Amino acid sequence: MTKIRWNRVAAALLCTSSAVAFAGTPSVGSREYKVLLNPVAFENQPVDAANRFLTDLQASLAANGFDETVTGKFAADHDRIVTYYDSPGTCPLRQTGYSFRERNESGDLDIELKFGSANETTSAKTDVSGSSSDADSKLEDDITPPAKETFSHSTSEPLKASKNINILDDINDLFPTTTVFNSIKSNPLVPVSGLSIHELTYEGPKSDIGQETADFTMTVWYANGSTTPSLAEISFDVDATDDGDFTDKVTARSQLIFNVIQGMTNWTLTPSTTKTAWVYQYQPSFCTSSQ
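Residues numbered from 1 in each chain as written. Predicted model: local features only at pLDDT ≥ 70, side-chain atom pairs only at ≥ 80, totals over all residues. Heavy atoms only, no water.

(A) Just the overall build of the chain, in detail. Secondary structure assignment for the chain yields 7 helices and 11 strands. Compactness check: the chain gives a C-alpha radius of gyration of 19 Å against a globular reference of 19 Å for 291 residues, within 12% of the reference. The dimensions of the chain, computed from C-alpha atoms along their principal axes, are 55 × 50 × 35 Å. Looking at the chain as a whole, 49% of its 291 residues qualify as buried. Carbon and sulfur atoms make up 47% of the accessible area of the chain, which totals about 13,100 Å². Measuring between centres, the 22 positive side-chain charges of the chain sit 5 Å from its 38 negative side-chain charges. (Helix = DSSP H or I, 4+ residues; strand = E, 2+ residues; numbered from the N terminus. Rg over C-alpha atoms; globule rule 2.2 N^0.38 Å. Buried < 20%, exposed > 50% of the residue type's maximum accessible area, 1.4 Å probe, protein only. Areas by Shrake-Rupley, 256 points an atom, 1.4 Å probe, with all protein chains shown as cover. Lys, Arg positive; Asp, Glu negative; His and termini not counted. Charge placed at Lys NZ, Arg CZ, Asp CG, Glu CD.)

Written out as structure tokens, the structure is:
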């Protein structure tokens, strides 16, 4: 079991950043707390490892005075291939705060354009509208260790199998309001770091944290056909209330869970980063030399 010290400063920062609706812009619909774990722990039967992590988390939460628990078990959810795209050498998407990701689940394709900023207003006002009637947009508050907030405005939509991703102008075709790349629209788009990622996700556990529920996801990545995990991440989502707020109780309980996970040093990976950052770091020369 892991004992932690309550991070009062981090909690206060999160309390002051509850969802704010700016005129003509979306408000934050959810918070997602994310921590990278040591992928070695998931080499054999990742779902079993995920549930061992869950057992340890439940014990550590109890040891730290959490007045609820996490119920349910992890079970297989998504099994898909994930590819991130950017232009080699210059990485204009990364440099301007964007990411561009394709998911392929048994032939069903979707594409996502995401813009992230530490400033909620900047992210909310960055238009990432899609071109499909089935496009789904959201504004999230992504929180990573120790208490870094990134406001992510994203749109995902179905991708036709006939649509090739080759140049930056393909982003304009799919997300027409995104004009930042117009001057370099003929630049190539290729998989970041040459990566094709086999992604397995496991869902099921939940925790009552007041007016809302924390929903947990375990994600395991395998790089370029490897059978050994390259990345593992535990995350949990907390939706805003119908009024677009996060109450003090929900915020405090979310922060306690987040701090407890960070204190589980037998599981966590240090330093912890984001999955997107990991993709770019996989081949550090991708953004600094021509491919």
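Picking up where we left off.
(B) Quick peek at the packing of aromatic side chains. One pass over the full model with this rule turns up 12 aromatic pairs. These aromatic residues form a ring-pair network of at least three members: Tyr33, Phe216, Phe236 and Phe258. The ring of Tyr280 carries Arg94 above its face, with NZ or CZ at 4.8 Å from the centroid. (Phe/Tyr/Trp six-rings, centres within 6.5 Å; stacked < 30°, edge-to-face > 60°. Lys NZ or Arg CZ within 6 Å of the ring centre and 35° of its normal.)

(C) Representation of helix H2 (residues 46-63) in the model. For H2, with 18 residues, the first-to-last C-alpha span of 26 Å sits near the 26 Å given by 1.5 Å per residue. Among the residues of H2, Pro46, Ala49, Ala50, Asn51, Phe53, Leu54, Leu57, Ser60 and Leu61 are the ones counted as buried. On the buried face of H2, the contacting elements are strand E1 (30-37), strand E2 (70-71), strand E9 (197-208), strand E10 (213-223), strand E11 (231-239) and helix H6 (248-262). (Expected span 1.5 Å × (residues − 1). Contact = heavy atoms within 4.5 Å.)

(D) Spatial organisation of the pairing of E9. As paired strands, E2 and E9 are joined by 2 bridges and run antiparallel to one another. Within the sheet, the bridge partner assigned to Val70 lies in E9 and is Ser207. Pairing between strand E3 (residues 75-86) and E9: 6 bridges, direction antiparallel. If you follow Ala75 over to E9, its bridge partner there is Glu203. Alignment of E9 against E10, held across 10 bridges, turns out to be antiparallel. Of the residues in E10, the one forming a bridge with Asp208 is Thr213. The turn joining E9 and E10, which pair antiparallel and follow one another in sequence, is formed by 4 residues; a positive phi near 125 degrees is taken by Gly210. (Pairing = 2+ DSSP bridges.)

(E) The arrangement of the pattern of salt bridges in detail. If you walk through the whole model with that rule in mind, you get 11 salt bridges. The residue Lys138 makes a salt bridge to Glu140 at a minimum N-O spacing of 3.8 Å. In this structure, Lys206 engages Asp215 in a salt bridge whose closest nitrogen and oxygen atoms are separated by 2.7 Å. Here the salt bridges do not stand alone but share partners, grouping Glu32, Lys34 and Asp142 into one network. (Salt bridge = Lys/Arg side-chain N within 4 Å of Asp/Glu carboxyl O.)

(F) Up close: the nonpolar core. Ranked by internal contacts, the top residues of the largest apolar core, which has 40 residues, are Phe42, Phe53, Leu57, Phe216, Met218, Ile234 and Phe236. Contributions of two or more residues to this core are made by E1, H2, strand E6 (136-144), E9, E10, E11 and H6. For Leu57, the contacting residues outside a window of four places in its chain are Val70, Phe216, Val260, Ile261 and Met264. If you look at the next biggest cluster of nonpolar residues, it comprises 17 residues, including Phe100, Leu168, Ile171 and Leu174. (Core = buried A, V, L, I, M, F, W, Y, C linked by side-chain atoms within 4.5 Å.)

(G) How the structure looks around the packing of H2 against H6. Direction vectors running N to C along H2 and H6 enclose 120 degrees, while the axes themselves pass 10 Å from each other. For the crossing formed where H2 meets H6, the hand is right-handed. In this structure, H2 uses Phe53, Leu57, Ser60 and Leu61 to contact H6, whose residues at the interface are Ile257, Val260 and Ile261. Residue classes in the contact of H2 with H6 are distributed as 6 nonpolar, 1 polar and no charged. (Axes fitted to C-alpha atoms, helices over the stretch in contact; angles between N-to-C directions. Left-handed = near helix turned anticlockwise from the far one by under 90°. Nonpolar A, V, L, I, M, F, W, Y, C, P; charged D, E, K, R; others polar.)

(H) Spotlight on the pairing of E11. Within E11, 7 of the 9 residues are buried, which leaves it mostly tucked inside the rest of the structure. Here E1 pairs with E11 via 8 bridges, running antiparallel. Following the sheet pairing, Tyr33 is matched in E11 by Phe236. Bridge count between E10 and E11: 8 bridges; the pairing is antiparallel. Counted as the bridge partner of Thr219 is Glu233 from E11.

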